[in-house]
Amino acid sequence: MNLRFSKQSLISFIIGYGMAFLSVVAALLLTLMIWSVIKPIASPLFLVAAMLTAWKRGVGAGVFATLISGFVIDYFFIAPQYQLSGNFDDVMRLSVFTLEGFVLCWLITYRAKAAAEIKISREQLLALSLRQQTLREDERKRIALEIHDELGQALTGLKMETYLLKKQIAEAETPEKCRKTDEKIDELLHLIDGTIVSVRRIATELRPAILDDLGVIAAIEWQSREFQRRTGVACEFSANVEDLNLNSEFSTAVFRIYQESLTNITRHAEARSVVVDIKKSDRTLVMRVEDDGKGMGLSDNSDGGSLGIFGMRERARLIGGELAIFSGARGGTTVLLTAPLN
């Protein structure tokens, strides 16, 4: 791995500084061809060569092209020609030219870096938008299936049982038939109770009522218990505050970041336990979610990361906070949210 990295770095170094040298040679040849026209100004083409090198290969190669250009200009175009005297004027001229080239190369490199970051950001936003649309459609599909499969069947059963009950009531003449009618009513009530439970479960999965009724602290504690019950992974919750007076957007962002953290743990961490700690310090909320799973690779913690992580960072940014994801002390992964309570 290190050997391959060193080889790639060496090749990149050779290509970058080779391009710097060739660009200066090209500028020299062009300048010699049009020397009679541009005389006594010999520097523009060399500065262009340095700027192009910096744009393609970075500021280091650009500065190297600038230094070579300074010596070439002094040797070929500054009297006395074809010699490097090394006097004070030559040194000052070379210093000023190098400074100009360095500033131009830095500006070009900074602009190229900014353009690359903007491109990456646009691609990430597009990918996030597409992912949100996909998730929205998948969620709609899941809800539709659950409503169709569970509520639809339950309501169909209720209709049939109600029809039979109506028929039994009309035909009830003996105690035996009355007993059967009572049993059918009990079954009907049991089916109704199951339907109510299904409705509550589906509504809770869409948005827990506890988040709006009792606040984000209670909602996270409830989600921790549900996560432990559903996955069997021990989830330890602690907080130094019982309630926070937060607006809906802030509470939702914190809760969804926590939900996404648990989702990542379920999918990738293979953890045995999770510790979530919420602290309020002055006007800052700090939420730490730490697992003891297999940790995360460098690719997961890159600037872009997965779209799930990118979405968590965007939620944190929208409430003025910061999200850090790193290897935890227990060998797993730690998600740290820090947000101002404005």
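Our subject is the structure that appears above.
Participant: Give a detailed account of the overall build of the chain, specifying residues and quantitative values.
Facilitator: For the chain, the helix and strand inventory stands at 10 helices and five strands. Here the chain holds 342 residues, and 34% of them are scored as buried. A sequence separation of at least 24 residues applies to 66% of the contacts in the chain between residues at least 6 apart. Total accessible area on the chain is roughly 21700 Å²; 60% of this is exposed by carbon and sulfur atoms.

Participant: A description of the sheet that holds strand 1 (residues 234–239) should follow, citing residues and the corresponding values.
Facilitator: Spatially, 1-2-3-5-4 is the arrangement adopted by the five strands of the open sheet, whose pairing is mixed. Since the sheet does not close on itself, it has two edges, and those belong to strand 1 and strand 4 (322–327), each with one partner. Going from strand to strand, the sheet's axes swing by 10 degrees on average, the running direction of each strand aside. In the sheet, strand 1 pairs with strand 2 (residues 273–281) via six bridges, with the strands oriented parallel. In the sheet register, Phe237 faces strand 2, and the bridge partner there is Val276. Relative to the sheet, helix 10 (residues 307–318) contacts strand 4 and strand 5 (333–340), its axis offset from that of strand 4 by approximately 145 degrees.

Participant: Describe the environment of Leu211, naming the residues involved and giving the relevant values.
Facilitator: Within the secondary structure, Leu211 is located in helix 7 (residues 209–213). Assessed through its relative accessible area of 5%, Leu211 is described here as buried. Remark: the alpha-carbon pair of Leu211 and Phe255, spanning 44 residues in sequence, is separated by 8.2 Å. With sequence-adjacent residues up to four places away left out, Leu211 is seen in contact with Val216, Ala219, Ser251, Thr252 and Phe255.

Participant: Mind laying out the packing of aromatic side chains, listing which residues take part and the relevant values?
Facilitator: Tallied over the entire structure, the rule returns one aromatic pair. Ring geometry for Trp106 and Tyr110: centres 5.4 Å apart, planes at 20 degrees, overall stacked. With Trp106 and Tyr110 both in helix 5 (residues 88–171), this residue pair falls four residues apart, about one helical turn. Residue classification places Trp106 among the partly exposed residues on the basis of a relative accessible area of 45%.

Participant: Lay out the nonpolar core in plain terms, naming residues and giving numbers.
Facilitator: Core analysis: the largest hydrophobic core is formed by 37 residues, its most contacted members being Ile220, Val254 and Met287. Element by element, the count of residues in this core is highest for helix 9 (residues 248–269), at nine residues. In this structure, Ile220 is in contact with Phe237, Val254, Phe255, Tyr258, Val276, Ile278 and Met287, ignoring residues within four places of it in sequence. In this structure, Ala27, Ile68, Ile73 and Ile108 belong to the second largest nonpolar core, which totals 17 residues.

Participant: Run through the layout of surface pockets, naming residues and quoting values.
Facilitator: By volume, the largest pocket amounts to about 1500 Å³. Of all the elements in the fold, those that place two or more residues in the lining of the largest pocket are helix 5, helix 6 (175–206), helix 8 (216–231), helix 9 and helix 10. Among the elements that make up the lining of the largest pocket, the one with the highest residue count is helix 5 (nine residues). By residue class, the composition of the lining of the largest pocket is nine nonpolar, nine polar and 16 charged.

Participant: Report on a nonpolar patch on the surface, specifying residues and quantitative values.
Facilitator: Side chains of Phe21, Leu22, Val25, Leu29, Leu32 and Phe64 sit close together on the surface and give an oily, nonpolar patch of about 540 Å² of accessible area. Of all the elements, helix 1 (residues 2–33) adds the most residues to the nonpolar patch, at five residues. With respect to the element layout, Val25 can be found in helix 1.

Participant: Any details on the pattern of salt bridges? Residues and values, ideally.
Facilitator: Taken as a whole and judged by the stated rule, the model has six salt bridges. In this structure, the salt-bridge partner of Glu270 is Lys294, at a minimum N-O distance of 3.9 Å. Pair noted here: Glu270 is in the loop between helix 9 and strand 2 and Lys294 is in the loop between strand 3 (284–291) and helix 10, with a separation of 24 residues, a long-range link. You'll find Glu270 and Lys294 in the same group, each marked exposed. Among the salt bridges present, the one from Arg317 reaches Glu314, with a minimum N-O distance of 2.8 Å. Placement of the pair is Arg317 and Glu314 together in helix 10, with a separation of three residues, close to one helical turn.

Participant: Before we move on, could you go through the packing of helix 8 against helix 9 and cite the residues and values that matter?
Facilitator: Packed helices, taken two at a time, are described by their axes: the angle between them and the distance between them. With their axes 10 Å apart at the nearest point, helix 8 and helix 9 run at an angle of 15 degrees to one another. Here helix 8 lies roughly parallel to helix 9, going by the angle between them. Between helix 8 and helix 9 lies a crossing whose hand is right-handed. Contacts between helix 8 and helix 9 involve Val216, Ala219, Ile220, Trp222, Gln223, Ser224, Phe227 and Thr231 from the former and Ser251, Val254, Phe255, Tyr258, Gln259, Leu262, Ile265 and Thr266 from the latter. Classifying every residue of the contact of helix 8 with helix 9 by side-chain character gives 10 nonpolar, six polar and no charged.

What counts as what
- Residues numbered from 1 in each chain as written.
- Predicted model: local features only at pLDDT ≥ 70, side-chain atom pairs only at ≥ 80, totals over all residues.
- Heavy atoms only, no water.
- Helix = DSSP H or I, 4+ residues; strand = E, 2+ residues; numbered from the N terminus.
- Buried < 20%, exposed > 50% of the residue type's maximum accessible area, 1.4 Å probe, protein only.
- Contact = heavy atoms within 4.5 Å.
- Areas by Shrake-Rupley, 256 points an atom, 1.4 Å probe, with all protein chains shown as cover.
- Pairing = 2+ DSSP bridges.
- Axes fitted to C-alpha atoms, helices over the stretch in contact; angles between N-to-C directions.
- Phe/Tyr/Trp six-rings, centres within 6.5 Å; stacked < 30°, edge-to-face > 60°.
- Core = buried A, V, L, I, M, F, W, Y, C linked by side-chain atoms within 4.5 Å.
- 1 Å grid on protein atoms, 1.4 Å probe; cavity = no way out; pocket = protein on both sides within 12 Å on 5 of 7 lines; lining within 4 Å.
- Points joined across faces, edges and corners; volume = space filled by probe spheres on them.
- Nonpolar A, V, L, I, M, F, W, Y, C, P; charged D, E, K, R; others polar.
- Patch = residues over 30% accessible without salt bridge, like charges linked within 9 Å, V, L, I, M, F, W, Y side chains within 5 Å.
- Salt bridge = Lys/Arg side-chain N within 4 Å of Asp/Glu carboxyl O.
- Parallel < 35°, antiparallel > 145°, perpendicular 65-115°, else oblique.
- Left-handed = near helix turned anticlockwise from the far one by under 90°.

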